[in-house]
Amino acid sequence: MSSMSPESILMPAECRSALAPPHQVKHAFSRIPAGVAIVATMDADGVPQGLTASTVTPLSLEPPMLLVCMNRSVHCLPAFSQARRFAVSMLRPEHRDLASRFAKHATDKFDGVSWSRGALGQPVIDGALATFECERDEMLPGGDHIILTGLIQRAHAGEEGMAMVYLARRFHGLAVGGAD
Ligand SMILES: Cc1cc2nc3c(=O)[nH]c(=O)nc-3n(C[C@H](O)[C@H](O)[C@H](O)COP(=O)(O)O)c2cc1C
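Every chain begins its residue count from 1, and numbering advances along the sequence as written. Residue-level local features of this predicted model are given only where pLDDT is at least 70; pairs of side-chain atoms are given and counted only at 80 or more, and the full residue set underlies all totals for whole chains, interfaces and linings.

A.B. asks: Teacher, can you tell me more about the overall build of the protein here?
C.D. replies: Helix and strand assignments come from DSSP, with helices taken as H or I runs of at least 4 residues and strands as E runs of at least 2, each series counted from the N terminus. Helices and strands together make up the secondary structure of the protein, namely four helices and twelve strands. A buried classification covers 26% of the 180 residues belonging to the protein. Throughout, a pair of residues is in contact if the C-beta atoms placed from their backbones lie within 7 Å. Long-range pairs, those at least 24 residues apart, make up 63% of the contacts in the protein between residues at least 6 apart in sequence. Residue burial is a threshold on neighbouring C-beta atoms within 10 Å of the residue's own C-beta, all placed from the backbone, with 20 or more meaning buried, 12 or fewer meaning exposed, and counts in between meaning partly exposed.

Structure below.
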């Protein structure tokens, strides 16, 4: 068997027309259950900025890393590219209003929200299921998204209870440590 050259890994232009249409992909993506997080950072003026994200993914243990995919169009993207650090707060079902609030563009998303600065000064949501404070590592291209990777400097697992899960465009609750 011949070894695979880098050229053969690159997709030839004629194959591009064979890509699945976005609406079908979006519908199929909606069948992937995902945890829901508020991903946040402090901007250059010391104002917290953030968004709801269901693309937080564990990446590596040594070194400890995670990734989150951000649409190139999100308004808070420049804040993440300027900041050295960011935080991830995994949500519980009772954070549903928060998840909806942070999924719409606004400059005052944190007003009236119960949040605090984590050990490294990043904005974390009070009562989160788990929090991660990260040093920003890379911002890699990924189609219409940017893949933000972070080196985890602080990780905290909160009380057990329920995790928020996004599936079929709805929020659900899933017990942590429940029966199989
Ligand atoms: C459940 C859920 C998950 C989402 N996950 C992501 C995500 O992983 N990445 C992303 O870029 N946008 C995601 N969004 C959309 C952003 O939260 C939304 O575009 C937000 O308004 C961006 O904030 P900004 O434009 O004020 O910065 C998600 C929305 C919802 C409701």
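A.B. asks: Could you clarify how one ought to interpret the pairing of strand E11 (residues 162-167) in this entry?
C.D. replies: The side chains of a regular strand alternate between the sheet's two faces. Relative to E11, strand E1 (residues 34-35) is paired through two bridges, and the arrangement is antiparallel. Paired with Ala34 across the two strands is Tyr166, which belongs to E11. Pairs of strands are assigned from DSSP output, requiring at least two bridges between the strands. Of the pairings in the sheet, the one linking E11 to strand E12 (residues 170-175) comprises six bridges and is antiparallel in character. Bridge pairing in E12 places Leu167 opposite Arg170. In sequence, E11 turns back onto E12 through a hairpin of two residues, with Ala168 there showing a positive phi of about 55°.

A.B. asks: Sorry if this is basic, but what is going on with the sheet that holds E1 here?
C.D. replies: Whenever strands of a sheet pair, they do so through backbone hydrogen bonds, lying parallel or antiparallel. Spatial ordering of the open sheet is given by E1-E11-E12, a layout of three strands whose pairing is antiparallel. Strand pairing shows two members of the sheet lacking a second neighbour, E1 and E12, which therefore form its edges.

A.B. asks: Mind showing me how you'd approach the site of the ligand here?
C.D. replies: Nearness is defined per residue: the C-beta atom, placed using the backbone, must lie within 6 Å of the molecule or strand. In the neighbourhood of the ligand, 18 residues make up the surrounding shell, with Ala53, Thr55, Asn71, Cys76 and Ala103 lying closest. Residues are sorted three ways: Asp, Glu, Lys and Arg are charged, Ala, Val, Leu, Ile, Met, Phe, Trp, Tyr, Cys and Pro are nonpolar, and all the rest, Gly among them, are polar. Residue composition of the shell around the ligand, by class: eleven nonpolar, six polar and one charged.

A.B. asks: Can you walk me through the nonpolar core in this structure?
C.D. replies: Buried together is how nonpolar side chains tend to be arranged in soluble globular proteins. Each nonpolar core reported here comprises buried Ala, Val, Leu, Ile, Met, Phe, Trp, Tyr and Cys residues connected via C-beta atoms within 7 Å. Residues Ala37, Ile38, Val39, Val56, Val68, Val88 and Leu91 are the most contacted members of the largest nonpolar core, which totals 31 residues. Only strand E2 (37-42), strand E3 (48-53), strand E5 (64-71), helix H3 (77-82), strand E6 (85-90), helix H4 (96-101), strand E8 (123-125) and strand E9 (130-142) provide two or more residues apiece to this core. Those residues in contact with Val39 that lie beyond four places of it in its chain are Gly50, Leu51, Ala53, Val56, Val68, Phe86 and Val88.

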